[in-house]
Amino acid sequence: MFNTRTKIKALLQSEPTGQEVIVMGWVRTFRNNQFIALNDGSTNHNIQIVVELGLLDEATLKRITTGASLKVIGEVVPSLGKGQKVEVKAKTVEILGDSDAEKYPLQPKKHSLEFLREIAHLRFRTNTFGAVFRIRHSLAFAVHQFFNEKGFVYLHTPIITSSDAEGAGEMFRVTTLPLENPPLNEDGSINYKEDFFGKSTNLTVSGQLEGELGAMAFSEIYTFGPTFRAENSNTTRHLAEFWMIEPEMAFYDIEDNMNLAEAFIKYLIRYAMEHNMEDLEFLDQRLAEEEKQKPQAERTEMGLLEKLRFVVDNDFERITYTEAINILLDSPAYKKKKFKYEVSWGIDMQSEHERYLVEKHFKKPVIVTGYPAAIKAFYMRMNEDGKTVAAMDILAPGIGEIVGGSQREERLDRLEQRMRDMHIPAEEMSWYLDTRRFGTVPHAGFGLGFERMVQFVTGMGNIRDVIAFARTPQNCEF
Ligand code: 4AD
Ligand code: MG
């Protein structure tokens, strides 16, 4: 058996009684031909390996370079150095894999996030990305724990679909037809009957519609999977491939929906604070240093941990779309013509408007309800006024929209009318309309963008830095 190692996280917490251990990991630094800082990704802290003079020959010492992988057998002893309780006094050091110091791109110094994005295959080995991806893991685990505790069924909705759930037309096509010479109909259009599925198909933009089918039997379901949007948005908040959590609940109205979403976000934050404090503290420090480089006026008022505590301890603000527009119209920013985009009732709020509301006006997460029907998807429930729908978006400081959701239109006639108005072919959606034909109930749901949530918890400014390998316009490396 090869793997009888002790993980560095556990080792650092153990009592140094001279016990023998096997440690494996990658070299971060090697000082004075004597002190190796070894890391195995279980924690950001390294174990110090002490190599006594004379233990290793000259040739072996030369191979202990940053990035090389080692197997060390040694004794756990109290550390004389600062910063750690224990260290390992090496008995044997075996080099598992060399790393040419001339060529290894990661040096023991601070690299820019932009540079690390180019070597995303190695960036997990840095302190920043170690922390980010351990937290991402924890949050994913907490998503399942939250819904499991509430008795929701995890439904795996399809990745390939033939519908455009959001009706926004931002889909990646899936086909096996030859691009150069596709079969054509008489009118010159592509004949998808000859395609793999016998119809035109795409990668899913959302699992919601299938999620609703599940909710009409299990009462409460959630999805958690990858979704795809071919929107040409090159921003720090958009990915072409992102992960989304979509709960869907029968017997829920818009208020129940808001309560669940708020409780969910707070639960995720609390989970990370209980399980990832070391990594959060590291990122808190990192962010504080980054903030110091900025001019005073651009600095955020709260540190990362302070912000997370604040969000967990306070109620989200709840306002209507109409109130939001009025706040914007009354704002000094509007009066001084600071907004690039226009403000009037009916607009789809731009990120500058959303950020004004959460960062300047309320200084906390805000839930906005009652959006104009004209700017929202067909499935949202029409309000009594006939012009707004029971939609809810949650806007978060530093992020903007983090959740989008609604109460669904459960009344068949209204839904069919809405679909006609929006030119959505009802024949292809009869499976969806069946839920309204057979035992329809009030129901609601929402989608949380997982990467935006990870950004919020880690304080990372660019969404490309919270997903392992980002897919964005003109970029699909790795
Ligand atoms: O607001 P959206 O488009 O809503 C839906 O897809 C609904 N079907 C959800 C539902 O009610 N079940 O997307 C939901 C969330 C957004 O609030 C945002 O956090 C995230 O998904 N999101 C993106 N994240 C990263 N990159 C993108 N291109 C995103 N588009 C949406
Ligand atoms: Mg949205």
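What this report covers is the structure whose coordinates are included nearby. This is a predicted model, so every value here is computed, not measured. (Residues numbered from 1 in each chain as written. Chains lettered and ligands numbered in written order. Predicted model: local features only at pLDDT ≥ 70, side-chain atom pairs only at ≥ 80, totals over all residues. Heavy atoms only, no water.)

This part takes up the nonpolar core. Ranked by size, the top nonpolar core spans 67 residues in total, and within it Val143, Phe147, Phe264, Ile269, Ile402 and Val457 carry the most contacts. Take this core: its biggest share by element is 12 residues, from helix α6 (residues 254-275). Among all residues touching Val457, those that are not within four sequence positions of it are Ile135, Leu139, Ile269, Ala272, Leu280, Leu304 and Leu308. Of all hydrophobic cores here, the second largest spans 36 residues; its members include Met349, Val366, Ala373 and Val389. (Core = buried A, V, L, I, M, F, W, Y, C linked by side-chain atoms within 4.5 Å. Buried < 20%, exposed > 50% of the residue type's maximum accessible area, 1.4 Å probe, protein only. Helix = DSSP H or I, 4+ residues; strand = E, 2+ residues; numbered from the N terminus. Contact = heavy atoms within 4.5 Å.)

Glancing now at empty space enclosed by the protein. This structure, assessed with the given rule, holds 1 cavity of 30 Å³ or more. Computed from the structure, the largest cavity encloses a volume of approximately 30 Å³. Around the largest cavity sit Ile265, Phe316, Pro365, Ile394, Ala396, Ile402 and Phe456, which together line it. Counted by class, the lining of the largest cavity contains 7 nonpolar, no polar and no charged residues. (1 Å grid on protein atoms, 1.4 Å probe; cavity = no way out; pocket = protein on both sides within 12 Å on 5 of 7 lines; lining within 4 Å. Points joined across faces, edges and corners; volume = space filled by probe spheres on them. Nonpolar A, V, L, I, M, F, W, Y, C, P; charged D, E, K, R; others polar.)

Looking now at the packing of aromatic side chains. In the structure shown here, the tally under the stated rule is 22 aromatic pairs. With centroids separated by 5.0 Å and ring planes inclined at 45°, the aromatic side chains of Phe147 and Phe152 adopt a geometry described as tilted. Overall, Phe152 belongs to the buried group, its relative accessible area being 6%. Centre to centre, the rings of Phe339 and Tyr356 are 5.8 Å apart; their planes meet at 90°, and the pair counts as edge-to-face. Taken together, the positions of Phe339 in the loop between α10 (332-335) and α11 (351-362) and Tyr356 in helix α11 put the pair 17 residues apart, joining distant regions of the chain. Lys307 extends its terminal NZ or CZ atom over the ring of Phe456, reaching a point 3.9 Å from the ring centre. Positioned over the ring face of Tyr371 is Lys376, at 4.3 Å from the centre of the ring. (Phe/Tyr/Trp six-rings, centres within 6.5 Å; stacked < 30°, edge-to-face > 60°. Lys NZ or Arg CZ within 6 Å of the ring centre and 35° of its normal.)

This next bit is on the site of ligand 1. Of all residues adjacent to ligand 1, which total 24 residues, the nearest are Glu166, Gln208, Arg229, Glu246 and Glu401. Take Glu231: an N or O atom from its side chain is 2.8 Å from a nitrogen atom of ligand 1. Surface burial for ligand 1 is 93%, taken as the share of its 630 Å² of free accessible area covered by protein chains. When contributions to the shell around ligand 1 are tallied by element, the ones reaching two or more residues are β11 (241-250), β15 (400-407) and β16 (443-449). Sort the elements by how many residues they give to the shell around ligand 1 and β15 lands first, with 5 residues. (Near = heavy atom within 4 Å. Polar contact = N/O pair within 3.5 Å; in protein donor to acceptor, adjacent residues only side chain to side chain. Areas by Shrake-Rupley, 256 points an atom, 1.4 Å probe, with all protein chains shown as cover.)

Evaluation of the coordinates by the stated rule reveals 23 salt bridges. The partner of Glu15 in a salt bridge is Lys85, and the shortest N-O contact between them spans 3.3 Å. With Glu15 in the loop between α1 (8-13) and β1 (20-31) and Lys85 in the loop between β4 (69-78) and β5 (86-97), the pair connects residues that are 70 residues apart, well separated along the chain. Look at Glu15 and you get exposed, because its relative accessible area is 53%. (Salt bridge = Lys/Arg side-chain N within 4 Å of Asp/Glu carboxyl O.)

Moving on, we get to the pairing of strand β14 (residues 388-396). For β14, the buried fraction is high: 9 of the 9 residues fall into the buried class. Of the strand pairs in this sheet, strand β13 (residues 366-372) and β14 are connected by 6 bridges, and their pairing is antiparallel. Across the sheet, residue Val366 finds its bridge partner in β14, namely Leu395. Of the pairings in the sheet, the one linking β14 to β15 comprises 6 bridges and is antiparallel in character. For Met392, the partnering residue across the bridge sits in β15 and is Gly405. Remark: 3 residues form the turn of the hairpin made by β14 and β15, two consecutive strands paired antiparallel; Gly398 in that turn has positive phi of roughly 80°. (Pairing = 2+ DSSP bridges.)

Think of a sheet as strands paired side by side through backbone hydrogen bonds, with each pair either parallel or antiparallel. Strand order in the open sheet made by the 3 strands is β7-β9-β8, with antiparallel pairing throughout. Two strands in the sheet have a free side with no partner beyond their single neighbour: β7 (160-161) and β8 (173-174). Bridge analysis of β7 against strand β9 (residues 201-203) gives 2 bridges, and the strand direction is antiparallel. Pairing of Thr161 across the sheet is with Asn202, part of β9.

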